[in-house]
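Listed below are the residues making up each chain.
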Amino acid sequence: MAIPRKPRLVFQSTIRRKQYFRRFAWSTLAAVAALAAVLALDFAANRGVADRRLLLVGGVAGIAAVVWFGVRAVVNLWRGLRRRDEDLRFFDKGFVWTRGKEQYKYGWSQVATFREGGSGIYVGRRPVLQWGAHTLRMLDGRVLKITGAHGSLRQFADAVRRYPARVTGTRMAQTLRQEQPVKLHPRLTLWPGGIEAGRHEIPWSQVEVRVRNGRLVILRRGASGKFHVIRRYNIRQVDNVGGLMDLAPSTIRNHQRERFEKRQTASEGT
């Protein structure tokens, strides 16, 4: 008898409101200290006890510090007042999301769409600046957003991408087999016979799909056998890119057997 395997944790995040209030307090203290320094420099300038040009430079730097820490204080206060305590635990079999007194438990099979809408600037694996959100839309209609407040958006996407991709890719294949379209973007629809990208209708026998530099690229094979770019989409604006990339290779291979047989023969010959 096989023993059920314990779910493996792949991503975890905890948010506590008190951390924002703590940051608010420290930022406020820093802003007050910077303001005091500016006033001290102004007093010194009026007394003529130091070079006025040096005092001017110090005063400008002090004012910039006051503004910077003042803005941070306001932002953290606003976040602390608006946010609730949250605990997110994502596993290879599903996830548990606790927000305040509410708790949501889902298996990956309950994901309707996953959109990688978050981005940022990173130094190595550390985020410097992040914006947008990764969005999970569930079959019951609930929408859950993972933002920079939950940690590294890149790390989250790398950790969980494969799980909704498998589920949504399988569901899209089933929908196409039922002769129904799948819309991923207002100008991108999958059909049983191919892909509709903007005004272009490309049969599976001529299409190629790739992801490059944050873009979903749709290509069409010309008479010469070479593929030409038809459309590019920002993946932050497309649903289920992972599911499409799970579905497309096998679908394209089935409709372009000659192309892949030639490639296999060429590789065996070398």
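Coordinates for the structure precede this section.
The rules we used
- Residues numbered from 1 in each chain as written.
- Predicted model: local features only at pLDDT ≥ 70, side-chain atom pairs only at ≥ 80, totals over all residues.
- Heavy atoms only, no water.
- Core = buried A, V, L, I, M, F, W, Y, C linked by side-chain atoms within 4.5 Å.
- Buried < 20%, exposed > 50% of the residue type's maximum accessible area, 1.4 Å probe, protein only.
- Helix = DSSP H or I, 4+ residues; strand = E, 2+ residues; numbered from the N terminus.
- Contact = heavy atoms within 4.5 Å.
- Pairing = 2+ DSSP bridges.
- Axes fitted to C-alpha atoms, helices over the stretch in contact; angles between N-to-C directions.
- Parallel < 35°, antiparallel > 145°, perpendicular 65-115°, else oblique.
- Left-handed = near helix turned anticlockwise from the far one by under 90°.
- Nonpolar A, V, L, I, M, F, W, Y, C, P; charged D, E, K, R; others polar.
- 1 Å grid on protein atoms, 1.4 Å probe; cavity = no way out; pocket = protein on both sides within 12 Å on 5 of 7 lines; lining within 4 Å.
- Points joined across faces, edges and corners; volume = space filled by probe spheres on them.

Re the nonpolar core
The biggest cluster of nonpolar side chains holds 24 residues, and the ones touching the most others in it are Leu 188, Leu 190, Val 209, Leu 216 and Ile 218. Counting residues per element, the ones that place at least two in this core are α4 (162-177), β10 (182-185), β11 (188-191), β12 (194-197), β14 (207-212), β15 (215-221) and α5 (241-255). Of all the elements, α5 adds the most residues to this core, at five residues. Setting aside anything within four residues of it in sequence, one finds Leu 216 in contact with Leu 188, Val 209, Arg 210, Val 211, Arg 231, Arg 232, Tyr 233, Ile 235, Val 238, Leu 244 and Met 245. Grouped together as the second largest cluster of nonpolar side chains are 21 residues, Tyr 122, Met 138, Ile 146 and Leu 153 included.

Structural notes on the sheet that holds β12
As summarised here, the arrangement of the four strands in space is β10-β11-β12-β13, forming an open sheet in which the pairing is antiparallel. With one partner strand each, in any of the chains shown, β10 and β13 (200-203) form the two edges of the open sheet. The average undirected angle you get between the axes of adjacent strands in this sheet is 20°. Here α4 sits on the sheet and contacts β10 and β11; the angle it forms with β10, its principal contact strand, is near 130°.

Considerations on the sheet that holds strand β16 (residues 227-234)
Pairing in this open sheet of three strands is antiparallel, and the strands run β14-β15-β16 from one edge to the other. Both edges of this open sheet fall to β14 and β16, since each of them pairs with a single strand only. Averaged over all pairs of adjacent strands, the angle between their axes in this sheet comes to 25°, without regard to strand direction. Here β15 runs beside β16; their pairing, made up of seven bridges, is antiparallel. Across the sheet, residue Ile 218 finds its bridge partner in β16, namely Arg 231. Here α5 sits on the sheet and contacts β14 and β15; the angle it forms with β14, its principal contact strand, is near 145°.

Points about the packing of α4 against α5
How two helices pack is summed up by the angle between their axes together with the distance between the axes. Where α4 meets α5, the closest approach of the two axes is 7 Å, and the angle between their N-to-C directions is 60°. It follows that α4 is oblique to α5 by the angle criterion. As for the relative orientation of α4 and α5, their crossing is right-handed in sense. Between α4 and α5, the residues in contact are Ala 165, Arg 166, Thr 168, Gly 169, Met 172, Ala 173 and Leu 176 and Gly 242, Gly 243, Leu 244, Asp 246 and Leu 247, respectively. Per-class residue counts for the contact of α4 with α5 are six nonpolar, four polar and two charged.

Here we look at the layout of surface pockets
Quantified by volume, the largest pocket comes out at close to 550 Å³. Breaking the lining of the largest pocket down by element, the ones donating at least two residues are α1 (17-47) and β7 (126-131). Of all the elements, β7 adds the most residues to the lining of the largest pocket, at six residues. By volume, the second largest pocket amounts to about 380 Å³. Taken together, 18 residues form the lining of the second largest pocket, with Glu 116, Gly 118, Ala 157, Arg 161 and Ile 235 sitting closest to its centre. With four residues, helix α3 (residues 153-160) is the single largest residue contributor to the lining of the second largest pocket.

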